[in-house]
Amino acid sequence: MLLIPTIIKEIETVLSQVEEIRLEEIAGQLQKAKRIFVIGEGRSGLMAKSFAMRLMHLGAAVFVVGETITPSIEDGDLLVAISGSGTTKNVVWTAEKTHSLGCSVVAVTTNPESPLADSATTILHVPAATKYRRESELKTIQPLGSLFDQCAHIVFDTLCLQYSALNKVDHNAAFGRHSNLE
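I will try to describe carefully the structure that is included in this document. (Residues numbered from 1 in each chain as written. Predicted model: local features only at pLDDT ≥ 70, side-chain atom pairs only at ≥ 80, totals over all residues. Heavy atoms only, no water.)

### Overview of the packing of aromatic side chains
Throughout the structure, instances matching the rule amount to two aromatic pairs. Where Phe-37 meets Phe-63, the ring centres are 5.4 Å apart and the plane angle is 35°; that geometry is what we call tilted. Placement of the pair is Phe-37 in strand β1 (residues 36-39) and Phe-63 in strand β2 (residues 62-64), with a sequence separation of 26 residues. Across the pair, Phe-63 and Phe-37 agree in class, each one buried. (Phe/Tyr/Trp six-rings, centres within 6.5 Å; stacked < 30°, edge-to-face > 60°. Helix = DSSP H or I, 4+ residues; strand = E, 2+ residues; numbered from the N terminus. Buried < 20%, exposed > 50% of the residue type's maximum accessible area, 1.4 Å probe, protein only.)

### Quick look at the side chain of His-57
Position of His-57 among the secondary structure elements: in helix α3 (residues 42-57). What makes His-57 buried here is its relative accessible area of 5%. Filtering out sequence-adjacent residues up to four positions away, His-57 remains in contact with Ala-173, Ala-174, Arg-177 and His-178. (Contact = heavy atoms within 4.5 Å.)

### Some points on the side chain of Ser-44
One can find Ser-44 in helix α3. Filtering out sequence-adjacent residues up to four positions away, Ser-44 remains in contact with Ile-82, Gly-84, Phe-148 and Asp-149.

### Let's talk about the pattern of salt bridges
A complete count under the given rule lists six salt bridges for this structure. Between Glu-67 and Lys-49 there is a salt bridge, and its shortest N-O distance comes to 3.2 Å. Highlighted residues: Glu-67 in the loop between β2 and β3 (78-82) and Lys-49 in helix α3, separated in sequence by 18 residues. Overlapping salt bridges, with partners in common, bring together Lys-34, Arg-35, Glu-74 and Asp-77 in one network. (Salt bridge = Lys/Arg side-chain N within 4 Å of Asp/Glu carboxyl O.)

### Some words on helix α2 (residues 20-32)
Helix length check: α2, at 13 residues, gives a terminal C-alpha distance of 19 Å against a target of 18 Å (1.5 Å per residue), a fit within 8%. Within the sequence span of α2, burial applies to Leu-23, Ile-26, Ala-27, Gly-28 and Leu-30. On its buried face, α2 is in contact with β1, α3, β3, β4 (104-109), β5 (122-125) and α6 (146-166). (Expected span 1.5 Å × (residues − 1).)

### Looking at the pairing of β4
Burial analysis of β4 places five of its six residues in the buried class, which makes it a mostly covered element. As judged from the five bridges shared by β3 and β4, these two strands associate in the parallel manner. What sits directly across from Ala-81, in β4, is Ala-107. Chirality of the crossover, the property in question, places the unit of β3, helix α4 (residues 89-100) and β4 among those that are right-handed. Here β4 runs beside β5; their pairing, made up of four bridges, is parallel. (Pairing = 2+ DSSP bridges. Right-handed = clockwise from strand over helix to strand, strands pointing away.)

Below, the structure is given as structure tokens:
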């Protein structure tokens, strides 16, 4: 078995089931939000941080929950919460708190019936495998939640592409916001 073609096929299988219309809706929500907050744990948290970084390059006011410079969330703000299982306690609690404050929550998860999804105003279903290997999940050769994280990264980059088009941010403008301290 060739591993790279197999992984690519797994990714294609998942992403072919992600609703592009939902991505367009979420990109519009991101554009309208006063500020964007992201949260995730583990590798999903790294995907959230990479999403926040690219949104910053595109001119968004964006924060990673838990960082020392993250302000309080308030009316008009939006939280993007990512958890493959939809049960990660800190992510679920943050989504519940955000929802209770009247702010919008976008849940990115494999499980649209999860506690995370219950607190969301919008659910982005990414039907990949997680570390729990539930019966309903796609089969994968990869360990743990690798397939979900790979697909989430591509979904987030797609959202960024849509966001940049909505805000008419080209490569040069984004590059102008890229770190120059490296």
